[in-house]
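# Summary of the model geometry
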Amino acid sequence: MAHAEFRSYQRDQVVSFRKTTEDFGGLSNMAPGFPIAMLGHLIRTSEALYQACRFPHMPDVQRMVIVETSPMTAKMKSKPYRKDTRPDWEDVRVPVMRWCLRVKLAQNWETFSALLMATGDRPIVEDSRKDDYWGAKAAEDDLLAGRNVLGRLLMELREIVRSDPDRIAEVLPLDIPQFVLLGHQIPTIKRKMNVVPNQAQVRELTHSAAKKSARKSKQDVLL
Ligand SMILES: Nc1nc(O)c(N)c(N[C@@H]2O[C@H](COP(=O)(O)O)[C@@H](O)[C@H]2O)n1
């Protein structure tokens, strides 16, 4: 999969997604509404989980990534540290992404499995402006061209949901060195119904949203 071949998809024959607000936007790692609970922390998106996995040896950077409300901002904020990404990242990033998607599914079973099933048998493609590794880019004749590794992983997951859903009853940690979050070994994740934040997590979310809104209204005044 890491060396998935480059291919073209006819746009009108696939399920594609770009914005998280589109019908199939929930397939995007950036999509809100698929929270992940791990080691007592609430992680808002699979993108944040994936990006945090770059920095097992830098818990402060991991924390910064997982507490940020917006996954795009989290990714941007972690950009200065990209040079410190774990050295084997190129070898492990596809298994890490596969694991992140399984965790997203295991903890949001009803909603994410329903979304995957709603794609039917059509190819799934992330329609990306600039990333033809995880997704595919617009090409001539209404084609999308790229390696579409994320789309392929989603299709792989769809097949598991369809034919062997018990494989997602538990998601084992990856057998790679330093598979840790905030200094703790990542545990086996058990399938559960959609994650409901606990009281402490609700307080944390409310607090950070309130702080953000206060900052914003201050900026509004300054503008
Ligand atoms: N919405 C969006 N904007 C971008 O700029 C993107 N690159 C993506 N693609 C997603 O980014 C993740 C991989 O990021 P890196 O390889 O660490 O840059 C992955 O979730 C892609 O689906 N999406």
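Quantities reported herein were computed from a predicted structural model and do not represent experimental measurements.

## Examining the environment of Lys19
Residue placement: Lys19 occurs in the loop between strand 2 (15–17) and strand 3 (36–38). Sequence spacing of Lys19 and Asn108 is 89 residues, and the spatial spacing of their C-alpha atoms is 20 Å.

## What about the nonpolar core?
A general trend in soluble globular proteins is that nonpolar side chains are found buried together. Membership of the largest hydrophobic core comes to 55 residues, with the highest contact counts inside it found for Leu27, Met38, Trp99, Phe112, Trp134 and Leu154. Of all elements in the fold, only strand 2, strand 3, helix 1 (46–52), helix 2 (59–67), helix 4 (89–107), helix 5 (109–117) and helix 6 (149–163) reach the threshold of two or more residues within this core. Top element by residues in this core is helix 4. It accounts for 11 residues. Ignoring any residue separated from it by four or fewer positions in sequence, one finds Leu27 in contact with Val15, Phe17, Lys104, Phe112, Leu115, Leu116, Thr119, Ile124 and Leu154. By size, the runner-up hydrophobic cluster in this structure holds five residues, among which are Tyr9, Val14, Val125 and Ala136.

## Observations concerning helix 5
Residues of helix 5 that are buried include every one of Trp109, Phe112, Ser113, Leu115 and Leu116, and no others. Down the axis of helix 5, the sector holding all buried residues measures 155°, keeping them to one side. Close packing links the buried residues of helix 5 with helix 4 and helix 6.

## So, the packing of helix 4 against helix 6
Two elements in contact, helix 4 and helix 6, have axes separated by 10 Å at closest approach and are oriented at 45°. As summarised for this structure, helix 4 and helix 6 are arranged oblique, according to the angle between their axes. Considering only the axes of helix 4 and helix 6, their crossing is right-handed. Across from Val94, Met97, Arg98, Leu101, Arg102 and Leu105 in helix 4, the residues of helix 6 making contact are Val149, Leu150, Leu153, Leu154, Glu156, Leu157, Ile160 and Val161. Each residue belonging to the contact of helix 4 with helix 6 can be placed in one class, and the counts come to 11 nonpolar, no polar and three charged.

## Some words on the site of the ligand
In the neighbourhood of the ligand, 15 residues make up the surrounding shell, with Asn29, Glu47, Arg54, Lys75 and Glu126 lying closest. Measuring from an oxygen atom of the ligand, one finds a side-chain N or O atom of Lys75 at 2.9 Å. Taking Trp134, its side chain carries an N or O atom lying 3.0 Å from an oxygen atom of the ligand. Alone, the ligand offers 500 Å² of accessible surface; in the complex the protein occludes 82% of this. Counting residues per element, the ones that place at least two in the shell around the ligand are helix 1 and helix 3 (71–78). Per element, the largest residue contribution to the shell around the ligand is three residues, and it comes from helix 1. Among the residues making up the shell around the ligand, the classes are represented as six nonpolar, two polar and seven charged.

## Some remarks on the UniProt feature "domain: NADAR" (unreviewed entry) in the chain
Per the UniProt record, the feature "domain: NADAR" (unreviewed entry) sits at residues 17–161. For the annotated span residues 17–161, helix accounts for 45% and strand for 12% of the residues, and the straight-line distance between the end C-alpha atoms is 20 Å.

## What to know about the pattern of salt bridges
Here the structure, examined in full by the defined rule, presents 16 salt bridges. Residues Arg93 and Glu90 are paired through a salt bridge, measuring 3.4 Å at the closest nitrogen-oxygen approach. With Arg93 and Glu90 both in helix 4 and three residues apart, this pair spans about one turn of that helix. The class for Arg93 is buried, based on a relative accessible area of 17%. Several salt bridges converge on common partners, so that one network encompasses Arg11, Arg18, Asp127 and Asp142.

Each value, and the rule that gives it
Residues numbered from 1 in each chain as written. Predicted model: local features only at pLDDT ≥ 70, side-chain atom pairs only at ≥ 80, totals over all residues. Heavy atoms only, no water. Helix = DSSP H or I, 4+ residues; strand = E, 2+ residues; numbered from the N terminus. Core = buried A, V, L, I, M, F, W, Y, C linked by side-chain atoms within 4.5 Å. Buried < 20%, exposed > 50% of the residue type's maximum accessible area, 1.4 Å probe, protein only. Contact = heavy atoms within 4.5 Å. Arc of directions from axis to C-beta. Axes fitted to C-alpha atoms, helices over the stretch in contact; angles between N-to-C directions. Parallel < 35°, antiparallel > 145°, perpendicular 65-115°, else oblique. Left-handed = near helix turned anticlockwise from the far one by under 90°. Nonpolar A, V, L, I, M, F, W, Y, C, P; charged D, E, K, R; others polar. Near = heavy atom within 4 Å. Polar contact = N/O pair within 3.5 Å; in protein donor to acceptor, adjacent residues only side chain to side chain. Areas by Shrake-Rupley, 256 points an atom, 1.4 Å probe, with all protein chains shown as cover. UniProt positions renumbered as here; feature names shortened; annotations may be inferred. Salt bridge = Lys/Arg side-chain N within 4 Å of Asp/Glu carboxyl O.

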